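# Understanding the architecture of this molecule
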Amino acid sequence: MTTAQERADLLDRLGLATQNKAALGQVLGTGNIGQATEESDGHMKATIRINPDELTWDPSILVMPHGGDIELDLVNDDMNTHCALLPSNGDRKFIWLVNHSHGQAHLNLDGPGYYWFGSPTGNDEGRGLTGSIVVLGDAPPEARLDRPEQPRP
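Residues numbered from 1 in each chain as written. Predicted model: local features only at pLDDT ≥ 70, side-chain atom pairs only at ≥ 80, totals over all residues. Heavy atoms only, no water.

### Remarks on the pairing of strand β9 (residues 101-109)
Only one face of β9 is covered, namely the one carrying S101, G103, A105, L107 and L109; the face carrying H102, Q104, H106 and N108 has none of its residues buried. Sheet topology note: the strand β6 (residues 68-76)/β9 ladder contains nine bridges and is antiparallel. When the bridges of β9 are listed, E71 appears paired with H106. (Buried < 20%, exposed > 50% of the residue type's maximum accessible area, 1.4 Å probe, protein only. Helix = DSSP H or I, 4+ residues; strand = E, 2+ residues; numbered from the N terminus. Pairing = 2+ DSSP bridges.)

Structure below.
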């Protein structure tokens, strides 16, 4: 369990609490924050759980240090059936998670920004089962608009 100050410090350290950076940390006010681990080949891994009787993803905010491929282990420890609708370049991924089950998703998120995921089963999202994956970094030069340099914080 983290204190409110530890959460605020982590949001600040990751750049999620500052305007014009990855300001998502101020949007999702509940849940834990996790960081993907990077393997030697550049691929990333993370585990996201649904804890019993909480109806939240743990972590609800997953931070990737840069764009690329990530392997997610999804664990449903709840007594109810849920699913995961996840973002990925090319096509979204859907994983059905019956009670006390486990699934894997291989995603490609190559651009910086934040990507929402949730469980569209029943009213899961309406009751809080939403989360985000934050990809840190800046847009590559070929993806930037042809305009004068803008001031950066």
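### A look at the pairing of strand β5 (residues 61-64)
In β5, alternate side chains face the same way, and those of I61 and V63 on one face and L62 and M64 on the other are all buried. Note that strand β1 (residues 33-35) and β5 share three bridges and pair parallel. For I33, the partnering residue across the bridge sits in β5 and is I61. As paired strands, β5 and strand β11 (residues 130-135) are joined by four bridges and run parallel to one another. Residue pairing in the sheet places M64 in a bridge with V135 of β11.

### Some remarks on the nonpolar core
Core analysis: the biggest nonpolar cluster contains 24 residues, and W57, M64, I70, L72, L74, L86 and I133 have the highest contact counts within it. Among the elements of the structure, β3 (44-50), β5, β6, β7 (82-86), β8 (93-97), β9, β10 (113-118) and β11 are those that each provide at least two residues to this core. Sequence-distant contacts of L72, that is, excluding residues within four places in its chain, are made with A46, I48, L62, L86, G103, Q104, A105, L107 and I133. (Core = buried A, V, L, I, M, F, W, Y, C linked by side-chain atoms within 4.5 Å. Contact = heavy atoms within 4.5 Å.)

### Concerning the packing of aromatic side chains
Evaluation of the coordinates by the stated rule reveals three aromatic pairs. Where F94 meets W96, the ring centres are 6.1 Å apart and the plane angle is 25 degrees; that geometry is what we call stacked. On the accessibility criterion, W96 (48% relative accessible area) is partly exposed. (Phe/Tyr/Trp six-rings, centres within 6.5 Å; stacked < 30°, edge-to-face > 60°.)

### Digging into the side chain of N51
Residue placement: N51 occurs in the loop between β3 and β4 (57-58). There is a polar contact of 3.3 Å between the side chain of N51 and the side chain of E54. Non-local contacts of N51, meaning those with residues more than four positions away in its chain, are made with T56, D58, D77 and D78. (Polar contact = N/O pair within 3.5 Å; in protein donor to acceptor, adjacent residues only side chain to side chain.)

### Topic: the pattern of salt bridges
Enumeration over the complete set of coordinates arrives at one salt bridge. A salt bridge links D77 to R49; the shortest N-O distance between them is 2.9 Å. On the criterion of sequence distance, the pair formed by D77 in the loop between β6 and β7 and R49 in strand β3 is long-range, its members being 28 residues apart. Classification of D77 by relative accessible area gives partly exposed; the value is 22%. Judged by its relative accessible area of 32%, R49 falls in the partly exposed class. (Salt bridge = Lys/Arg side-chain N within 4 Å of Asp/Glu carboxyl O.)

That is the geometry; function is a separate question.
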